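# Fold and geometry: a report
Here is how the chains run, residue by residue.
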Amino acid sequence: MKHITIKNALGGNGANETILIRGWVRTRRDSKDFSFLAINDGSCLANIQVIVDQGIPGSEDIQQATTGASVEINGKLVESPGKGQAWEVTAESMTVLGSADESYPLQKKGHSPEFLREIAHLRPRSNLFGCVFRTRSRLAYAIHQFFQERGFYYIHTPIITASDCEGAGEMFRVTTLDGKAMEADPDGATDFFGKPTHLTVSGQLEGETFACALSNIYTFGPTFRAENSHTTRHASEFWMIEPEMAFCDLVADMTLAEEMVNYLIRDTLEHSAEDLGLFGKFVDKELISRLESVIEKPFERISYTTAIELLANSGQDFEHPVEWGVNLQTEHERFLTEQHFKGPVTVHDYPKSIKPFYMRSNDDGKTVAAMDLLVPGIGEIAGGSQREERLDVLLENMAAHDISSEDYAWYADLRRYGSVPHAGFGLGFERMLMFVTGVANIRDVIPFPRTPGNAEF
RNA sequence: UCCUGCGUAGCUCAGCGGUAGAGCGGGUGGCUGUUAACCACUAGGUCGUUGGUUCGAAUCCAACCGCAGGAGCCA
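Residues numbered from 1 in each chain as written. Chains lettered and ligands numbered in written order. Predicted model: local features only at pLDDT ≥ 70, side-chain atom pairs only at ≥ 80, totals over all residues. Heavy atoms only, no water.

## What about the domain arrangement of chain A?
Where we set the bar: Start and end points for every domain follow an automatic or database-based domain assignment. Whether two residues are in contact is decided by their heavy atoms: any pair within 4.5 Å suffices. The quantity reported as buried area is the accessible area (1.4 Å probe) lost by two parts once they are put together, taken as the sum for both. Salt bridges are defined as contacts in which a side-chain nitrogen from Lys or Arg sits within 4 Å of a carboxyl oxygen from Asp or Glu. In the analysis that follows, any N or O atom pair within 3.5 Å is treated as a polar contact, provided that within protein one partner can donate a hydrogen and the other can accept it, and provided that, for residues neighboring in sequence, both atoms belong to side chains. For this classification, the nonpolar set comprises Ala, Val, Leu, Ile, Met, Phe, Trp, Tyr, Cys and Pro, the charged set comprises Asp, Glu, Lys and Arg, and every other residue, Gly included, is treated as polar.
Along its sequence, chain A is carved into domain 1 (2-98) and domain 2 (123-159 + 200-444). Across the boundary between the two partners, domain 1 contributes 8 residues, which contact 8 residues of domain 2. Of the roughly 630 Å² buried where domain 1 meets domain 2, counting both sides, 45% is carbon and sulfur surface. By the criterion of area lost to domain 2, the three top residues of domain 1 are Trp-24, Arg-26 and Leu-45, representing 71% of everything that side buries. Connecting domain 1 to domain 2 are 0 salt bridges. Where domain 1 meets domain 2, there are 5 residue pairs in polar contact (both at pLDDT 80 or more). Looking at side-chain class alone, the side of domain 1 that touches domain 2 contains 4 nonpolar, 3 polar and 1 charged residues.

The following block contains the structure:
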């Protein structure tokens with residue numbers, strides 16, 4: 001007997017043959033002499049309809065085939081006489097592998113994402129979350145494909161790091177010391193690594209070392225931030241993609257980021273079409289048209305200075321004042337992407353004072369070669385910069401940011417030996433997934449979300 | 001960390017000072033090539049917790065807990 005996924009069976013593979021399918025019951029409708037089962041195995045969004053005639057082997061257990069139960073069906077894949085599906089299975093035998101009693105929390109009706117979040121171990125069995133996580137898988141694959149096609153090498157940067165001041169937020173301490181021992185040893189001399197260590201907030205600095213050797217590299221891995229933020233866009237554990245390119249300036253960096261976002265949208269539209277259909281129907285009615293408009297329309301590019309002028313002259317009544325030198329607030333980003341340009345915008349050349357030490361100083365002495373890629377609905381989806389490749393300027397910046405030149409001697413060495421202009425950016429994987437699915441909360445695009453006060457499962 | 005809103009049946013919610021309700025889901029029965037099926041019957045709740053106001057509190061007030069949204073920070 002040939003086991004076949006429901007996705008393949010619905011595609012007509014194994015037509016008019018006896019096949020074996022396995023999955024979980026979504027609904028059962030009983031008739032006098034037979035029952036309809038809707039079976040889902042997660043291989044695709046759609047269920048397959050199975051007809052279980054009274055009297056076939058296993059049909060005496062049909063009452064056990066309730067919503068949530070797992071079953072194995074031997075049967076013939078035939079064209080369906082009914083409306084609503086092209087193919088169905090006429091069962092020759094049925095086995096209930098695992099029953100599910102009336103306490104099974106997923107019902108035939110739709111559930112709110114908030115309720116499903118409380119049962120994160122069962123929510124992948126819902127339509128919405130099945131679609132999200134199939135799309136997540138495909139998006140991860142597309143990211144590798146994008147870089148591999150362009151000759152980038154995939155680098156695994158460390159998860160545990162002793163670099164503790166990358167300016168990217170609060171860090172989680174990694175230690176084998178207990179509370180008292182840690183208090184007695186603030187320098188971590190007796191700790192596992194002989195110094196204080198943390199979970200990485202970015203692989204960028206390590207990524208730069210490999211770009212200055214293999215030319216074009218990217219990282220794609222988990223990232224940890226101990227910020228106490230309660231928003232729909234922040235998680236304590238998330239995944240980030242960080243390309244880094246040697247012999248590269250800010251303009252080429254922006255181009256790569258824009259091409260990447262475009263590529264990922266195209267890939268999703270092409271390869272996750274069925275799942276996207278559900279998002280377009282139940283999550284965000286304008287999703288598909290928005291994604292299509294993004295890939296048709298070139299990205300807007302404006303300098304930070306121009307953006308400030310534009311905001312100041314917009315006539316909008318912003319809660320936060322608009323003035324040169326301050327960070328763009330959420331309301332400012334929203335105005336730019338959702339009202340003014342109605343699409344993604346890349347903002348570049350930010351004031352030096354609001355950006356980290358490693359960004360390259362521009363000749364005007366006031367700005368750095370930084371860029372943020374903003375998209376409607378989410379805000380910043382990627383941020384990057386050209387890196388400071390001049391040793392003396394870098395050392396000055398480190399001193400100005402109070403960063404130990406001893407701890408970062410290895411980083412400065414990249415400028416001491418064969419320094420080259422280089423640039424890169426970080427793209428939040430979940431934010432990209434939110435953008436292509438329309439799902440509004442980051443907690444609903446991560447299998448088991450970690451947020452302040454929540455590390456269940 | 002700050003601001004706002006919401007906690008009533010398994011789920012979604014109504015009730016907003018006077019005997020706890022609906023739809024869906026569950027159970028039972030019926031009917032039907034059905035398709036989030038349909039019809040009938042039925043079980044199910046210390047109204048988040050604690051305290052206060054009141055003759056009387058799900059309803060008004062306070063604190064706490066939980067959840068959600070917004071801000072900041074960022075990806």
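Moving on, there is more to tell.
## Considerations on unusual backbone geometry
We count it as follows: Helix numbering and strand numbering both begin at the N terminus, where a helix is a DSSP run of H or I of at least 4 residues and a strand a DSSP run of E of at least 2. For the exposure calls, accessible area comes from a 1.4 Å probe over protein chains only, and a residue counts as buried if that area is under 20% of its type's maximum, exposed if over 50%, partly exposed in between.
The backbone phi angle of Ser-215 is positive, close to 75°, even though this residue is not glycine. Its place among the elements puts Ser-215 in the loop between α5 (204-214) and β11 (216-224). Judged by its relative accessible area of 29%, Ser-215 falls in the partly exposed class. Even without being glycine, Asp-402 reaches a positive phi, approximately 60°. When you line up the elements, Asp-402 lands in the loop between α11 (391-400) and α12 (409-416).

## Some remarks on the protein's contact with RNA strand B
The test is simple: Being near a molecule or strand, for a residue, means having at least one of its heavy atoms within 4 Å of it.
Around RNA strand B there are 48 residues in total, and Asp-30, Lys-83, Lys-109, Gly-110 and Arg-431 lie nearest to it. In RNA strand B, atoms within 4 Å of the protein come from the sugar-phosphate backbone in 48% of cases. Between RNA strand B and Ser-31 there is a distance of 3.1 Å, counted from a base oxygen to a backbone nitrogen or oxygen. In this structure, a base oxygen belonging to RNA strand B sits 3.1 Å away from a main-chain N or O atom of Asn-228. Listing elements by their share of the surface near RNA strand B, those giving two or more residues are β2 (18-30), β4 (48-53), α2 (113-118), β12 (237-246), β16 (379-386) and β17 (422-428). For the surface near RNA strand B, the residue count by class is 10 nonpolar, 22 polar and 16 charged.

## What about the sheet that holds strand β15 (residues 367-375)?
Here is the rule: The rule for pairing is simple: two strands pair if DSSP sees at least two bridges between them. Angular values range over 0 to 180 degrees, each being the angle between N-to-C directions of two axes fitted as lines to C-alpha atoms, with helices fitted over their stretch in contact.
Taken together, the 8 strands give an open sheet; going across it, the order is β7-β11-β12-β17-β16-β15-β14-β13, and neighbouring strands pair in mixed fashion. Only two strands of the sheet have a single partner each, and these edge strands are β7 (153-154) and β13 (300-303). Sitting on the sheet, helix α6 (residues 250-271) touches β12, β13, β14 (345-351), β15, β16 and β17, and the angle it makes with β15 is about 10°.

## Thoughts on the packing of α5 against α12
Using the following cut-off: Oblique is the label for every angle not falling under 35 degrees (roughly parallel), over 145 degrees (roughly antiparallel), or within 65 to 115 degrees (roughly perpendicular). The hand of a helix crossing depends on one turn: near helix anticlockwise from the far one by less than a right angle means left-handed, and clockwise means right-handed.
Following both chains from N to C, one finds α5 and α12 inclined at 30°, their axes separated by 10 Å at the closest point. Judged by the inter-axis angle, α5 sits roughly parallel to α12. Our pair here, α5 against α12, has a crossing hand that is left-handed. Note on element contacts: α12 touches α5 through Trp-410, Tyr-411, Leu-414 and Arg-415, opposite Gln-204, Leu-205, Glu-206, Glu-208, Thr-209 and Cys-212. In terms of residue class, the contact of α5 with α12 is built from 5 nonpolar, 2 polar and 3 charged.

## Quick word on the pairing of β12
Burial of β12 is extensive: 8 of the 10 residues sit out of reach of the surface. Relative to β17, β12 is paired through 5 bridges, and the arrangement is antiparallel. Pairing of Ala-246 across the sheet is with His-422, part of β17.

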